[in-house]
Amino acid sequence: MKTDYISFEDSGYFTKIILDYLTENSDLESFYSLYPNLYNFEHAIANKNFTLESRRILVESLKGQYKKDGIKLGNDGSVLTNLNSLEAGTTYTVTTGHQLCLFTGPLYFIYKIVSTIKLCQNLKSRYPECDFVPVYWMATEDHDFEEVNHFYTGDRKFHWETEQKGAVGRMKLAELKPTVEAFGSWLTDYSTNAEELKSLFEKAYLKHDTLAAATRYLVHELFSDHGVVIVDGDDSKLKELFKPTIKKELLEEFSAQAVELQSKEFAEKYKIQVNPREINLFYLTDNSRERIVKENGTFAVNGTSISFSEEEILLELENHPERFSPNVLLRPVYQDTILPNLAYIGGGGELAYWFQLKTTFEQAETPMPILILRNSAVWLNENQTKVFRQLNISNEQLFLSEGVLMKEWVKANSAIDLELVGQKQTQVEFYKALEKLAGSVDSSLEKHVKALATKQLKAIDQLSEKLIRAERRKATTAQQRISFLKDTLFYNNGLQERSLNFSEIYLFQGKGMIGDLIHSFTTPAEDFLILQSEQQ
């Protein structure tokens, strides 16, 4: 496996706000806690006050979750070791979170978790007196089923249909059998690692009752050797730890005020990413997750007949904290309330809205974690690597649009200078001399000569474009190769990691896929990774 890197900026796929963050632009300084480098974790560790009682509750709850989902941790293993270590005051977490996408969904699901593993390894080297646990936070309470019910392999889409409503983690899996069979049928075209993938898919989705349990099994199978601890926030004991913040939100609507305050300054420099509700909580039952709204002193559950007085809703919170579900603005605070967490690893879109939450963390009296951009990569299989090398283009050129890349290839590989640089220079020198001569006779003629020069250079540029188009028509093999790379690596002009499922990489890479990523990633991320498969 050959590895190369390009800068995030040169990839052309990262927004100004993320590039500003990576370069420590002063415009963004007031919207995060600490800049993401290893040295600043010394301050994060000093700021994190997580009681031993909270640690005990956390470990007890997590062990109960694994048991409920049918995963036996045994008496040893990296996951159990990390779970037990969380009871010690010198153990901290690095967290990433994601929706419960079917069979992990797009590749960056995998990249997020690998990034947490790599950062924990780097932190252990820098701070050997402490332990660091990689955590995957399952977004089990999310209710946007359309975002999690499918995955892609190339141009093939596998999806799950159901009429179930509410939190996706609680959804039953009986209707998934046709999807399992379709995926198994697709795998018959492959030999290497196909049976392993088929077994993994079947055991996850046919041997478990809920999407949460299936996702825990799947992530555990892929990452247990690296000690990844999986957290389900839909847990009554963990919600107990968050009750004071829920109460504060119900009575004071503090998060909306905090986000609006921070957003006012944020909007002067960047585009607003999220807008708060008056109350940023949902009411959660087995079949629904609806917003809590306050109307004339009464707390109502949107779209239902359920309502509470202030006294009643506080009693409901006291007796059933598990029925209160934080939305996208309060979920980060919930996460860092129940974990001894130092950092959150996310994509550019996630970090962009986290930058609006610093004041919310302050008012919740919870330290804001260090925000880390997850690693990004593009994989080239043997055939793609072969074509890439045949074209003899640079890493940066690979990320250009197809039209621009083809134009650059034609110019670089033509036997003649298609940009007519020499001819243009000759014309420039000719008209300079002509302008001088004309000016010596009548200075008013200089403008006329300049106009003639501009017209002539424009005509040469037009001829250059015609020459390039003519050469492109002849370069059919190169055009086919470029189209192949752009179609297979940049689906719909987007990054591979945002659509392709890990299974397509796993088919040719096998179990070595995770190890290759851990070895190749630098976390905190410094550059965009390009992985090229070497011919066997």
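The following refers to the structure shown. Only a predicted model underlies this, so the values are computations on that prediction, with no experimental measurement involved. (Residues numbered from 1 in each chain as written. Predicted model: local features only at pLDDT ≥ 70, side-chain atom pairs only at ≥ 80, totals over all residues. Heavy atoms only, no water.)

**Re the overall build of the protein**
Of the regular secondary structure elements, the protein holds 23 helices and 15 strands. Taking all 536 residues of the protein together, 52% fall into the buried category. Sequence-distant contacts, at least 24 apart, represent 77% of the contacts inside the protein between residues at least 6 apart. Carbon and sulfur atoms form 47% of the exposed surface of the protein, whose accessible area is close to 24800 Å². For the protein, the separation between the mean place of its 59 positive charges and that of its 76 negative charges on side chains is 5 Å. (Helix = DSSP H or I, 4+ residues; strand = E, 2+ residues; numbered from the N terminus. Buried < 20%, exposed > 50% of the residue type's maximum accessible area, 1.4 Å probe, protein only. Contact = heavy atoms within 4.5 Å. Areas by Shrake-Rupley, 256 points an atom, 1.4 Å probe, with all protein chains shown as cover. Lys, Arg positive; Asp, Glu negative; His and termini not counted. Charge placed at Lys NZ, Arg CZ, Asp CG, Glu CD.)

**Brief notes about the packing of helix α7 (residues 177–187) against helix α8 (residues 194–206)**
Working note: a packed helix pair is described by the angle between its axes plus the distance between those axes. The interhelical angle for the contact between α7 and α8, taken along N-to-C directions, is 175 degrees, at an axis separation of 10 Å. Considering their axes alone, α7 and α8 lie roughly antiparallel with respect to each other. Contacts from Lys177, Thr179, Val180, Phe183, Gly184 and Leu187 in α7 reach Ala194, Leu197, Lys198, Phe201, Glu202, Tyr205 and Leu206 in α8. In the contact of α7 with α8, the residues fall into 8 nonpolar, 2 polar and 3 charged. (Axes fitted to C-alpha atoms, helices over the stretch in contact; angles between N-to-C directions. Parallel < 35°, antiparallel > 145°, perpendicular 65-115°, else oblique. Nonpolar A, V, L, I, M, F, W, Y, C, P; charged D, E, K, R; others polar.)

**Some thoughts on the side chain of Thr96**
On the secondary structure map, Thr96 appears in strand β2 (residues 91–98). Overall, Thr96 belongs to the buried group, its relative accessible area being 1%. Reaching out from Thr96, the side chain makes a polar contact with the backbone oxygen of Ile345 at a distance of 2.7 Å. Residue contacts for Thr96: discarding those within four places in its chain leaves Lys112, Ile113, Thr116, Val135, Tyr136, Trp137, Tyr344 and Ile345. (Polar contact = N/O pair within 3.5 Å; in protein donor to acceptor, adjacent residues only side chain to side chain.)

**Concerning helix α5 (residues 78–85)**
Where α5 is concerned, the buried positions are Val79, Leu80, Asn82, Leu83 and Ser85. Turning to α5, the residues buried within the fold contact α4 (52–68), β2, β3 (131–138), α9 (211–223) and β6 (229–232).

**A few points about the sheet that holds strand β15 (residues 528–532)**
Taken in spatial order, the 3 strands make up an open sheet running β1-β15-β14, and their pairing is mixed. Both outer strands of the open sheet, β1 (2–6) and β14 (377–380), are each paired with one neighbouring strand and no more. Neighbour to neighbour, the strand axes of the sheet diverge by 20 degrees on average, direction disregarded. For β14 and β15, the ladder comprises 4 bridges, and the chain directions are parallel. Bridge pairing in β15 links Trp379 to Leu531. (Pairing = 2+ DSSP bridges.)

**Re the nonpolar core**
Generally speaking, a soluble globular protein has its nonpolar side chains buried in company with each other. Phe103, Ile110, Tyr205, Phe223, Leu250, Phe355 and Phe502 are the most contacted members of the largest nonpolar core, which totals 145 residues. With residues up to four places along the chain from it excluded, the contact list for Tyr205 reads Cys101, Leu102, Phe103, Thr104, Leu173, Leu176, Val180, Leu211, Ala214 and Leu218. Ranked by size, the runner-up nonpolar core spans 17 residues in total, among them Ala44, Tyr92, Leu119 and Ile370. (Core = buried A, V, L, I, M, F, W, Y, C linked by side-chain atoms within 4.5 Å.)

**Examining the pattern of salt bridges**
Applying the stated criterion across every chain yields a total of 17 salt bridges. Residues Lys16 and Asp20 are paired through a salt bridge, measuring 2.7 Å at the closest nitrogen-oxygen approach. Of the two residues, Lys16 and Asp20 both sit in helix α2 (residues 16–22), 4 residues apart, roughly one turn of that helix. The exposure class of Lys16 is exposed, given its relative accessible area of 52%. Note that Arg170 is salt-bridged to Asp234, the shortest N-O span being 2.8 Å. With Arg170 in the loop between β5 (156–159) and α7 and Asp234 in the loop between β6 and α10 (236–252), this pair connects stretches of sequence that are 64 residues apart. Taking relative accessible area as the criterion, Arg170 reaches 22% and is therefore assigned partly exposed. A cluster of three or more residues bridged by salt bridges with shared partners is formed by Glu53, Arg56, Glu60 and Lys237. (Salt bridge = Lys/Arg side-chain N within 4 Å of Asp/Glu carboxyl O.)

**Structural notes on the state of the cysteines**
Counted by the stated rule, this structure contains 0 disulfides. Distance from the sulfur of Cys120, which forms no disulfide, to the nearest cysteine sulfur (Cys130) is 12 Å. (Disulfide = S-S within 2.5 Å.)

**Quick notes on the sheet that holds strand β7 (residues 281–285)**
Strand pairing in a sheet is mediated by backbone hydrogen bonds. Such pairs are either parallel or antiparallel. With antiparallel pairing, 5 strands are arranged side by side in an open sheet as β10-β9-β8-β7-β11. Of all strands in the sheet, those with a lone pairing partner are β10 (307–308) and β11 (324–326), marking the two edges. Bridge count between strand β8 (residues 288–295) and strand β9 (residues 298–301): 4 bridges; the pairing is antiparallel. The residue of β9 that forms the bridge with Val293 is Ala300. The strands that α10 touches are β7, β8, β9 and β11; relative to β11, the one it contacts most, it runs at about 80 degrees.

**Let's talk about the environment of Trp379**
Along the chain, Trp379 falls in strand β14. Residue Trp379 is classed as buried on the basis of its relative accessible area, which comes to 0%. Sequence separation between Trp379 and Met1 is 378 residues, and the spatial gap between their C-alpha atoms is 9.9 Å. In terms of polar contacts, Trp379 uses its side chain to reach the side chain of Tyr111, at 2.9 Å.

**Quick notes on α10**
Along its 17 residues, α10 runs 23 Å from first to last C-alpha, staying within 8% of the 24 Å computed at 1.5 Å per residue. A bend of about 55 degrees at Phe242 is the largest found in α10, and the proline Pro244 appears one to four places after it. Regarding α10, the residues found buried are Leu238, Lys239, Leu241, Phe242, Lys243, Thr245, Ile246, Glu249 and Leu250. Two or three places before Lys237, at the opening of α10, Asp235 has a side-chain oxygen 2.9 Å from that residue's backbone nitrogen. Count one or two residues on from α10 and you reach Glu253, which has phi positive near 50 degrees. (Expected span 1.5 Å × (residues − 1). Bend = angle between axes of the 7 residues up to and from the residue.)

**Points about the packing of aromatic side chains**
Applying the stated rule across the entire model yields 37 aromatic pairs. Where Phe103 meets Phe183, the ring centres are 5.3 Å apart and the plane angle is 65 degrees; that geometry is what we call edge-to-face. Of this pair, Phe103 sits in the loop between β2 and α6 (108–126) while Phe183 sits in helix α7, placing them 80 residues apart in sequence. What makes Phe103 buried here is its relative accessible area of 0%. Take Phe183: its relative accessible area is 1%, and that puts it in the buried class. Centroid distance Trp186 to Tyr190: 5.1 Å. Interplanar angle 50 degrees. Geometry classified as tilted. The structure contains a cluster of three or more aromatic residues connected by ring pairs, namely Phe103, Phe151, Phe158, Phe183, Trp186, Tyr190, Phe201, Tyr205, Phe502 and Tyr506. (Phe/Tyr/Trp six-rings, centres within 6.5 Å; stacked < 30°, edge-to-face > 60°.)

**Observations regarding unusual backbone geometry**
In this structure, the amide linkage connecting Thr523 to the following residue, Pro524, adopts the cis form with an omega of 5 degrees. Mapped onto the elements of the fold, Pro524 is located in the loop between α23 (512–520) and β15. Positive phi is not limited to glycine here, since Asn296 has a value of about 55 degrees. By the secondary structure assignment, Asn296 is in the loop between β8 and β9.

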